[in-house]
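What follows is the residue order along each chain.
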Amino acid sequence: MLRRLRFFGIGFLISIMAVGFFWSKKKVQFDYGMDARTLKSITYRKKIYSDEIQQLITEKNIDSVMNSILMRGDVNFGKSKQHEKPAKYWVESTYKAKKVVFWVVRNDSTATIELTAKE
């Protein structure tokens, strides 16, 4: 029995390494958390920026990093209004060690991003 268990364990470890190797090549993401699913659905939609955000993007030249700012953010579901139509999410993120807070209005095909406060 012990011999069988060793063979099973060796095979199990080899299969885990093989699956890990193939998944790392495909860049698979596992977005199981509520934050991750919400932020992923926002980043895949066409984004519409408010005038304040557009001005900030132009001044700081951060158009290319706007998606990563959103993806690193945290959705505060206590302040969000996700049950309204359209859903409105309170997203807190950081940029250059400063906290930035966004309201994101998620429609069927677009996400409108509005700046609320900077700290």
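Scoring rules and cut-offs
Residue positions are given per chain, counting from 1 as you read along its sequence in written order. Whole-chain, interface and lining totals are the exception, using all residues; otherwise, since this is a predicted model, local features are given only for residues with pLDDT of at least 70 and side-chain atom pairs are given and counted only at 80 or more. Here the side-chain values reflect all heavy atoms present in the structure, with hydrogen atoms and water set aside. Think of it this way: any DSSP run of H or I at least four residues long counts as a helix, any run of E at least two long counts as a strand, and we number them from the N terminus. In this setup the radius of gyration rests on C-alpha atoms only. A globule is expected at 2.2 Å times the number of residues raised to 0.38. Exposure is judged per residue with a 1.4 Å probe applied to protein chains only, and the accessible area is read against the type maximum: over 50% gives exposed, under 20% gives buried, and values in between give partly exposed. For this analysis, residues touch if any pair of their heavy atoms sits within 4.5 Å. Contacts described as polar in this section are N or O atom pairs within 3.5 Å, which, within protein, must combine one atom able to donate a hydrogen with one able to accept it, while residues neighboring in sequence count only if both atoms come from side chains. Here, the arc refers to the directions that run from the helix axis to the C-beta atoms.

A. Spatial organisation of the overall build of the protein chain. Of the regular secondary structure elements, the protein chain holds 4 helices and 5 strands. In the protein chain, the succession of α and β elements from N to C terminus is α-α-β-α-α-β-β-β-β. For 119 residues, the compact-globule formula gives about 14 Å, and the C-alpha radius of gyration of the protein chain, at 20 Å, lies well above that figure. Its C-alpha atoms give the protein chain principal-axis dimensions of about 70 × 35 × 25 Å. Residues classed as buried in the protein chain amount to 28% of the 119 residues present. Pairs at least 24 residues apart make up 41% of the contacts formed inside the protein chain by residues separated by at least 6 positions.

B. Expanded view of the side chain of Thr43. For Thr43, the location among the structural elements is in helix 2 (residues 34-43). Note on Thr43: relative accessible area 13%, which makes it buried. Engagement of the side chain of Thr43 in a polar contact is seen with the backbone oxygen of Lys40, the distance being 3.0 Å. Setting aside chain neighbours within four positions, we find Thr43 in contact with Asn67, Leu70 and Met71.

C. Focus on helix 3 (residues 51-60). When we look at burial in helix 3, the residues that qualify are Ile53, Leu56 and Ile57. Looking straight down helix 3, one finds its buried side chains confined to an arc of 100°; they lie on one side. The outward face of helix 3, more than 90 degrees from its buried face, is lined by the exposed residues Asp51, Thr58 and Glu59. One or two steps after helix 3, the chain reaches Asn61, where phi turns positive at roughly 55°.

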